[in-house]
Amino acid sequence: GPRAIKLLPEGTIFAPGLIYDFRYPAKDPKIVGIGFAATRDLVSFLRHEARDRSGQASPLADEAGKLHVSHAIGFGISQSGRYLRDHIAQGFNADEQGRKVFDGVLAHISGIGKVFMNAAFAQPFRTNTQHEDHHFPENAFPFAHASMSDPITGRTGGLLRGDGSDPFVIEVNTSTEYWQKGASLLATDPLGRRDIAVPRNVRLFMIAGTQHGGNPFSDATPGSCVNPRNPHDPSPALRALLVALQDWVAAGVAPPASRVPTMASGTLVAAARTGFPAIPDMALADRGNHLTLFGDWATPQHQPGKAYVPMVSKVDADGNEAAGLRLPDIAVPLGTYTGWNLYRAPYPAGELCDREGSFMAFAKTKAEREARHDPRPSIAERYAGRSDYVRKTSEAAAALVKARLLLPEDAARYIAAARASEAFE
């Protein structure tokens, strides 16, 4: 039959920013989730078997037919990171002989997400944000690695299984995942009432002032958002943490301690209570993505009193996040970097702009700052020229290298960028 959709009445057209639901009777749902078994079996074969069942040599075997594989690491970004979180939670990190599949797993920018499966007509590619795909059940308890009770569903559990199959885990998120993807629930109870003890084989990091996936737009144009987008790149921290995971797995060298906002430190707060300064011409976000149960996903209805309570990081006087892993761009800033932005017309006013962040540069001089009524000290007020800025950037980079949170080659790149910065021209 026809596969086209036509809006009525005649002449109606699709409008930007709106979401259109098309519902129809369906049959013959496909099996989803078999990819977990495929991943388990392939990685297990590559780790342990010199030949397959037909006698074909493994591509990792040497000329003598012997394997030299000592460890395996799983690394996933965004959707593939959610996949790896579910891989662990569903028990697929043990093969059919009970052997561990991945010794270590790093999930980046996955928040508390897993994969929408184990349901008829499930759609594993969907990911819940405040506007897009909001009613798809990507976020399901358990969120954190430690076992705990969920007052919303009455269930008890954690991502880790405690049966010998658990890998070393490093979870890395940008600020965006705290606003859009509930990342604070990795380190608190489901209602955000208290910090939880993070298991010894898990590390959690928030890369302060960064947005989901970084930003390829060097001019920080607003795009479909109100504020200019965030050019701050989380990749240098991610590279260092991947090396730390390798050292943890292969050499038994424990990685740096977790760096996330916490309730105990006073740095984990409600979205409306970050302490964000009144920066002129900047639209402010005061609420994050609402994470709630909503019944059958095909006919979703929010259930009153069935909401989880994610929170975000408190900010400093500049509007930069006060907690987490603060790379040199945040420790020695030239502006304010956030993990949130807001949509502009014709998109819905006041809603988070997909997974984008914001950037608002500091004024160059005190006179310029005062003319704009900007409460943030200008570049000239905070740095005694380029050499002072380079020195402070070098110190911040050196401290991160010492903490094993930045590779020396990335530290050198930060210093070179500071020397070439246009902010002092």
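Position numbers for residues count from 1 along each chain, tracking the sequence in the order it is written. Given that the model is predicted, a residue must reach a pLDDT of at least 70 before its local features are reported, and side-chain atom pairs must reach 80 or more before they are shown or counted; all residues, however, enter totals for whole chains, interfaces and linings. To get the side-chain values, all heavy atoms of the structure are used, and hydrogens and water are removed first.

### Describing the environment of Ala197
Part 1 of the reasoning: By the element assignment, Ala197 lies in the loop between α3 (175-180) and β6 (202-207).
Part 2 of the reasoning: C-alpha of Ala197 to C-alpha of His145: the two residues are 52 residues apart in sequence and 9.7 Å apart in space. Helical segments are the DSSP runs of H or I of at least four residues, strand segments are the runs of E of at least two, and each set is numbered from the N terminus.

### Here we look at the pairing of strand β2 (residues 104-108)
Part 1 of the reasoning: Buried residues are those whose accessible area, probed at 1.4 Å on protein chains only, stays under 20% of the maximum for their type, while exposed residues exceed 50% and partly exposed ones sit between those limits. Buried residues dominate β2, accounting for five of its five residues.
Part 2 of the reasoning: Side chains Gly104, Leu106 and His108 project from β2 onto one buried face, and the interleaved Val105 and Ala107 project onto a second face that is buried too.
Part 3 of the reasoning: By the convention used here, strands pair only if DSSP detects at least 2 bridges between them. Relative to β2, strand β1 (residues 73-77) runs parallel, the two being bridged by five bridges. Across the sheet, residue Ile73 finds its bridge partner in β2, namely Gly104.
Part 4 of the reasoning: You can see the chain leave β1, run along helix α2 (residues 79-89) and come back into β2, and the turn it takes is right-handed. Throughout, right-handed denotes a crossover for which the path from the first strand over the helix to the second runs clockwise when the strands point away from the viewer.

### Quick notes on the packing of helix α1 (residues 34-48) against α2
Part 1 of the reasoning: One can describe the packing of α1 onto α2 by two numbers: an axis separation of 11 Å at closest approach and a directional angle of 85°. Between α1 and α2, the angle is such that the two are roughly perpendicular. Along the contact surface, α1 presents Gly35, Phe36 and Thr39, while α2 presents Tyr83, Asp86 and His87.
Part 2 of the reasoning: For this scheme, ten residues count as nonpolar: Ala, Val, Leu, Ile, Met, Phe, Trp, Tyr, Cys and Pro. Four count as charged, namely Asp, Glu, Lys and Arg, and the remainder, Gly too, count as polar. Taken together, the residues of the contact of α1 with α2 break down into two nonpolar, three polar and one charged. Here an angle of 0 to 180 degrees is reported between the N-to-C directions of two axes, which are lines fitted to C-alpha atoms, with helices fitted over the stretch in contact. Oblique is the label for every angle not falling under 35 degrees (roughly parallel), over 145 degrees (roughly antiparallel), or within 65 to 115 degrees (roughly perpendicular). By definition, residues are in contact when any of their heavy atoms lie within 4.5 Å.

### Some thoughts on the nonpolar core
One broad rule of soluble globular proteins: the nonpolar side chains tend to lie buried together.
Part 1 of the reasoning: Only buried Ala, Val, Leu, Ile, Met, Phe, Trp, Tyr and Cys residues count toward a nonpolar core, and they belong to the same one when joined by side-chain atoms within 4.5 Å. Phe102, Tyr178, Trp179, Tyr308 and Trp340 are the most contacted members of the largest nonpolar core, which totals 42 residues.
Part 2 of the reasoning: Among the elements of the structure, α2, α3 and β6 are those that each provide at least two residues to this core.
Part 3 of the reasoning: In terms of residue count, β6 provides more of this core than any other element does, three residues in total.
Part 4 of the reasoning: Setting aside residues no more than four positions away along its own chain, Tyr308 makes contact with Phe141, Phe143, Asp150, Ile152, Thr153, Leu185, Pro190, Leu291 and Leu293.
Part 5 of the reasoning: Leu106, Val172, Leu325 and Tyr414 belong to the second-largest nonpolar core, a separate cluster that totals 19 residues.

### Quick notes on the sheet that holds strand β5 (residues 168-174)
Part 1 of the reasoning: Read across the open sheet, the four strands follow the order β1-β2-β5-β6; overall the sheet is parallel. Two strands in the sheet have a free side with no partner beyond their single neighbour: β1 and β6. Pairwise comparison of adjacent strand axes, ignoring direction, gives a mean angle of 10° for this sheet.
Part 2 of the reasoning: Strand direction decides the pairing type here: β5 and β6, joined by six bridges, are parallel. Across the sheet, the residue bridging to Thr174 is Ile207, located in β6.
Part 3 of the reasoning: This element, α2, spans β1, β2 and β5 of the sheet and lies at about 135° to β1.
Part 4 of the reasoning: Sitting on the sheet, helix α4 (residues 235-251) touches β1, β2, β5 and β6, and the angle it makes with β5 is about 175°.

### Structural notes on unusual backbone geometry
Part 1 of the reasoning: Note that the residue after Leu8, namely Pro9, is joined by a cis bond; omega there is 0°.
Part 2 of the reasoning: With an omega dihedral of 10°, the bond running from Ala345 to Pro346 counts as a cis peptide bond.
Part 3 of the reasoning: By the secondary structure assignment, Pro346 is in the loop between β9 (335-338) and β10 (358-361).
Part 4 of the reasoning: Backbone geometry at Arg404 places phi at a positive 65°, although glycine is not the residue there.
Part 5 of the reasoning: Secondary-structure assignment places Arg404 in the loop between α8 (386-402) and α9 (408-419).

### Describing α2
Part 1 of the reasoning: Where burial is concerned, most of α2 is hidden: eight out of the 11 residues are buried.
Part 2 of the reasoning: Residues of α2 that are buried include every one of Gly81, Arg82, Leu84, Arg85, Asp86, His87, Ile88 and Ala89, and no others.
Part 3 of the reasoning: Positioned one or two residues after α2, Gly91 has a phi angle of 90°, which is positive.

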